[in-house]
Amino acid sequence: MNPITTIAHDAWREDALCRQTDPEIFHPEVGGTAVPAKQTCMACPVRPDCLDYAIDTRQQWGIWGGVGQKELRRLINQRTAA
Ligand code: SF4
């Protein structure tokens, strides 16, 4: 990976709201609720960067940018098809 790209990709993490919350809420167990994580994401100043990163890197676990895995897979497939 290009180091410049890596730096740019990671810079948004400094302002990530999830750094101030319980990380467990972003990985709810099967049957658990994703609502607290998604509510945190909706107030997060770097949500677009986070979601873009998750799509680019094809994240397979957890809540990213306010979306769960089903929606994230749809967005990954949409970007792949574009
Ligand atoms: S959008 Fe959500 S998962 Fe992404 S950095 Fe912000 S709080 Fe964390």
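Anything mentioned here points back to the structure above.
For every chain, the first residue of the written sequence is number 1, and numbering continues from 1 along that sequence. Under the rules for a predicted model, residues below a pLDDT of 70 receive no local features and side-chain atom pairs below 80 are neither given nor counted, while totals for whole chains, interfaces and linings still include all residues. As a convention, hydrogens and water are excluded, and side-chain values are obtained from all of the structure's heavy atoms.

Caption draft 1: Region of interest: the layout of surface pockets. Within this scheme a cavity is a closed region of a 1 Å grid, computed over the protein atoms alone, that accommodates a 1.4 Å probe without allowing it to escape, whereas a pocket is open but has protein on both sides within 12 Å along at least five of seven lines; lining residues each have an atom within 4 Å of a point. Grid points are joined across faces, edges and corners, and a volume is the space filled by probe spheres set on the points. Empty space within the largest pocket amounts to approximately 310 Å³. As for the largest pocket, its lining consists of 19 residues, and the residues nearest its centre are Cys18, Phe26, Cys50, Ile63 and Trp64. Numbered from the N terminus, helices here are DSSP runs of H or I no shorter than four residues, and strands are runs of E no shorter than two. Looking at the lining of the largest pocket, the elements with two or more residues in it are α2 (35–42) and α3 (47–56). In the scheme used here, Gly and all other residues not listed as nonpolar or charged are polar, with Ala, Val, Leu, Ile, Met, Phe, Trp, Tyr, Cys and Pro taken as nonpolar and Asp, Glu, Lys and Arg as charged. When the residues that make up the lining of the largest pocket are grouped by side-chain class, the tally is 11 nonpolar, five polar and three charged.

Caption draft 2: Looking closely at helix α4 (residues 69–81). Here the expected span of a helix is defined as 1.5 Å times the quantity of residues minus one. For α4, with 13 residues, the first-to-last C-alpha span of 18 Å sits near the 18 Å given by 1.5 Å per residue. Residues Gln69, Leu72, Leu75 and Ile76 constitute the buried set of α4. Buried positions in α4, seen along its axis, are confined to an arc of 120° and lie on one side of it. More than 90 degrees from the buried face of α4, the exposed residues found are Lys70, Asn77 and Ala81. Where α4 is buried, its residues contact α3. Buried means the residue's accessible area, taken with a 1.4 Å probe over protein chains only, is under 20% of the maximum for its type, while exposed means over 50%, and partly exposed covers the values in between. Working note: the arc is built from the helix axis to C-beta atom directions. Contact criterion: two residues are considered in contact whenever any of their non-hydrogen atoms come within 4.5 Å of each other.

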